[in-house]
Amino acid sequence: ASVERRVFSGIQPTGVPHLGNYLGALENWVSLQHQYPLILYSIVDLHSITQPQDPEQLRANILDMAASLLACGIDPEKAILFQQSQVSEHAELSWILSCLTSMPRLRHLPQWKMKSKQKSEGSVGLYTYPVLQAADILLYKSTHVPVGEDQVQHLELAQDLARIFNHRFGDLFPEPHTLLSSTRKVKSLRDPSTKMSKSDPHHMATISITDSPDDIALKIRRAVTDFTSEVTFDPDNRPGVSNLVTIHAAMAQLSVEEAVSQAKGMDTGAYKRLVTEAVVQRLTPIREEIERLRADRTHLESVLLQGTQKARQLATPVLKEVRHRVGFC
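In this text, all values refer to a predicted model and were calculated from it rather than measured experimentally.

Describing the pairing of strand β2 (residues 38–43)
Looking along a regular strand, one sees the side chains alternate between the two faces of the sheet. Most of β2 sits out of view: six of its six residues are buried. Across the two faces of β2 the burial is the same, with Leu 38, Leu 40 and Ser 42 and Ile 39, Tyr 41 and Ile 43 all buried. Where strand β1 (residues 6–11) meets β2, six bridges bridge the pair, whose relative direction is parallel. Note on β2: the bridge partner recorded for Arg 6 is Leu 38. Where the polypeptide runs from β1 across helix α1 (residues 19–32) and back to β2, its parallel neighbour, the crossover connection is right-handed.

See the structure below:
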């Protein structure tokens with residue numbers, strides 16, 4: 001029998017997303033809603049504490065992320081939107097899977113290498129969080145997972161763990177497939193060799209989806225370009241201008257070629273005004289909706305609660321079966 005197609009994806013509660021999150025993941029999340037019969041989108045707060053978090057700030061960030069997802073077009077009738085920590089089965093399955101994972105298997109994963117290098121030593125949670133990611137995915141018997149290229153190896157761990165569990169305890173989990181979206185990578189406006197990031201110390205580097213039109217105009221006006229005034233798309237040699245073309249094309253829903261041809265005869269200064277217009281036009285309704293939703297905390301909490309209940313209904317029977325197969329009951 002063919003397995004029902006199920007999509008799972010998670011986003012950390014970093015507060016309000018930035019333009020890179022929006023174009024890199026959320027836009028794709030919205031379009032997937034119409035393509036799959038069952039979709040789960042989780043605000044993965046268990047993952048977020050691998051870095052130290054202030055509890056009050058974390059509570060606020062979770063609701064801000066919920067408001068942002070709804071404002072970007074996530075429909076709780078079409079997708080199950082929920083808060084990961086409220087479904088305790090994630091943590092329990094993660095423990096069981098971690099007992100099937102070898103130490104060397106985690107040591108080679110790129111996130112650990114990168115983050116523990118910066119921190120000199122990361123926490124045990126940071127080391128094992130790919131196992132929790134695998135649990136997030138397998139708990140719902142997910143068949144498809146939209147991931148960025150930097151997460152592909154983590155999905156391979158989920159595939160391995162599905163195989164290991166099935167081999168040892170009998171078939172239970174389908175092997176999840178990657179959904180690599182053709183999304184465009186948005187770079188920092190101050191240093192186009194790095195990707196746009198919320199934690200960038202330079203506040204002019206990142207456009208938040210709630211930035212005012214004036215802030216957006218200022219950040220784009222100050223964006224790093226080069227000394228050639230003509231607009232071309234050449235990411236290797238002209239990363240700054242090419243990043244603006246990427247943003248323009250994505251926000252105005254054009255191909256890169258169409259964006260470049262709209263810029264014909266413009267210098268980069270004039271082109272920046274065109275890019276600003278495209279960004280402001282697209283983000284204004286989203287910003288207004290986020291403000292409206294933020295003001296109604298009770299509504300946000302009830303949307304998450306309903307999502308959590310739906311997620312639990314799916315998770316409980318799967319974990320019950322896992323417990324039985326492992327020999328707990």
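From this point on, the discussion continues.
With respect to the side chain of Ser 242
Structurally, Ser 242 is set in helix α10 (residues 239–252). A polar contact of 2.7 Å, which involves the side chain of Ser 242, links it to the backbone oxygen of Arg 238. Setting aside residues no more than four positions away along its own chain, Ser 242 makes contact with Thr 232, Phe 233, Asp 234 and Pro 235.

Regarding the nonpolar core
Nonpolar side chains tend to gather and get buried jointly when the protein is soluble and globular. Formed by 61 residues in total, the largest nonpolar core has its most connected members in Leu 69, Met 251, Tyr 271 and Leu 283. A domain-level breakdown of this core finds at least three residues from each of domain 1 (6–185 + 297–326) and domain 2 (213–291). Non-local contacts of Tyr 271, meaning those with residues more than four positions away in its chain, are made with Val 231, Leu 244, Val 245, His 248, Ala 259, Ala 263 and Met 266. Within the second largest apolar cluster, 36 residues are counted, among which are Ile 96, Val 131, Tyr 140 and Phe 173.

Reading the values: rules and limits
- Residues numbered from 1 in each chain as written.
- Predicted model: local features only at pLDDT ≥ 70, side-chain atom pairs only at ≥ 80, totals over all residues.
- Heavy atoms only, no water.
- Buried < 20%, exposed > 50% of the residue type's maximum accessible area, 1.4 Å probe, protein only.
- Helix = DSSP H or I, 4+ residues; strand = E, 2+ residues; numbered from the N terminus.
- Pairing = 2+ DSSP bridges.
- Right-handed = clockwise from strand over helix to strand, strands pointing away.
- Polar contact = N/O pair within 3.5 Å; in protein donor to acceptor, adjacent residues only side chain to side chain.
- Contact = heavy atoms within 4.5 Å.
- Core = buried A, V, L, I, M, F, W, Y, C linked by side-chain atoms within 4.5 Å.
- Domains from an automatic or database assignment.

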